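Topology and contacts: notes
Below are the chains, spelled out letter by letter.
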Amino acid sequence: MKWAIRDLLNPVVTRSMLYGSDPFDVEYVLKKVDAIEKMSGKAVQNVWLTEWNAKIEKYTALLEKAEEKGNKISARNYAQMIVQCHYACFMINIEDVENKTKIYNGLAESYKRYIKHCENRIQYVEIDSEFGKIPAYIHYPDKGRKNNYPVAVTYSGIGSCKEELEMLAAPLNERGIAVITPDMPGAGAAIIKNNIKCGGKQIEAAIEGIFKYIEKSPKLDENNVANFGLCMGGGYAFRATAKNPNVKCCVSLFPLLMHFADLNNIPIWMKKGKWSSYQYCEDYLESMRVLEEGTHKADFLMAFSDDDNWMSHDASARLYDKALGYKEQIYVNEKPAYVSEETIMHAMPVGEQYHWVKHEAADFIASRITGDNK
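So, here's what we can say about the structure.

Reading the values: the criteria
- Residues numbered from 1 in each chain as written.
- Predicted model: local features only at pLDDT ≥ 70, side-chain atom pairs only at ≥ 80, totals over all residues.
- Heavy atoms only, no water.
- Helix = DSSP H or I, 4+ residues; strand = E, 2+ residues; numbered from the N terminus.
- Contact = heavy atoms within 4.5 Å.
- Buried < 20%, exposed > 50% of the residue type's maximum accessible area, 1.4 Å probe, protein only.
- Pairing = 2+ DSSP bridges.
- Right-handed = clockwise from strand over helix to strand, strands pointing away.

What follows deals with the side chain of serine 110. Note that serine 110 resides in helix α6 (residues 97-115). For serine 110, the residues in contact, after removing those within four places along its chain, are Ile82, Val83 and His86.

Shown next, in the form of structure tokens:
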């Protein structure tokens, strides 16, 4: 049972560390989980949340002390640690919508506090769509005082949020690119605050709203745009590029298109349950077929692995073949470290390799929309 529980937490651990959670903090909490005498889902959830909340209290005290003393570097780092702890709580699979909402609100509020300490400007915006406001952040590479920044739009799938997308934005900011990180339908505040569920029509409307926003914004250069997505967001990025021929390039890390994948491999928690029902529109699966329509001639980079248990090699190749312009592949052949037969996750192989994949992806984008390899 000891190792089975750890295996079940592999997706949570992987994504928490990918977001920057300290590995020693993660191991500390896991050992507390190991020590549970009578294992149950509720017991694991309770210990996981309790221990991470204790760390939130600790780092909050350190943050307030640093703020009081004017220690800006320490304050920024403690604020980020608090966000990472909230994110670890958000990653645990909780069916209780009210509790999940409370946890997300803690993450969102801690992130607002954190960005006040960042040296670059991170601006909260709301983007109009047919189904409601799409909450988003714009991460500028500097103080955001210029106009016509080259811009990348990042996308993620269900179970994510705009706060998590900072990990996609950071390497692009380092290369002088502004980045829009939206809560796509069914994710983050789009569902929790604005009740925009995930479905094909909702995704299409969100993409249209994002590109209208770019077109109208003097700070963003509509002629130098890239799409960048992970998991379901990789599919969104491809579709957004197909819908907008002026996009210079598209990067899809482990793209997931629901009807390209073997639906029998999609985990049960994505198909049914209170939280899943809350996130998806009624005709979700069928409506998502619209995302498979069209193709593009923009430069395309795709990362994939044969250890992806949702999208087979043939399914990934099928999407790659849809791109008609210049294209490259990143084949991740390293075996996932956090893996078991029950819990290997779609994004886990590339997630574990993101520390180097992100630079390949960011350089690919930067060379096409900034004209500068930094």
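Additional details are given in the paragraphs that follow.
Summarising burial for strand β5 (residues 220-230): nine of the eleven residues are buried, a large majority. Pairing analysis gives six bridges linking strand β3 (residues 149-155) to β5, with the strands arranged parallel. In the sheet register, valine 153 faces β5, and the bridge partner there is asparagine 227. As paired strands, β5 and strand β6 (residues 249-253) are joined by five bridges and run parallel to one another. Residue pairing for β6: phenylalanine 228 is matched across the bridge by valine 251. The handedness of the β5 to β6 crossover, carried by helix α10 (residues 232-243), is right-handed.

What follows concerns unusual backbone geometry. The backbone of asparagine 148 shows a phi angle near 60 degrees, a positive value even though the residue is not glycine. Note on placement: asparagine 148 falls in the loop between β2 (134-139) and β3. The backbone of cysteine 231 sits at a positive phi, close to 60 degrees, despite the residue not being glycine. The exposure class assigned to cysteine 231 is buried, which follows from its relative accessible area of 16%.

Function-wise, these values are silent; they only describe arrangement.
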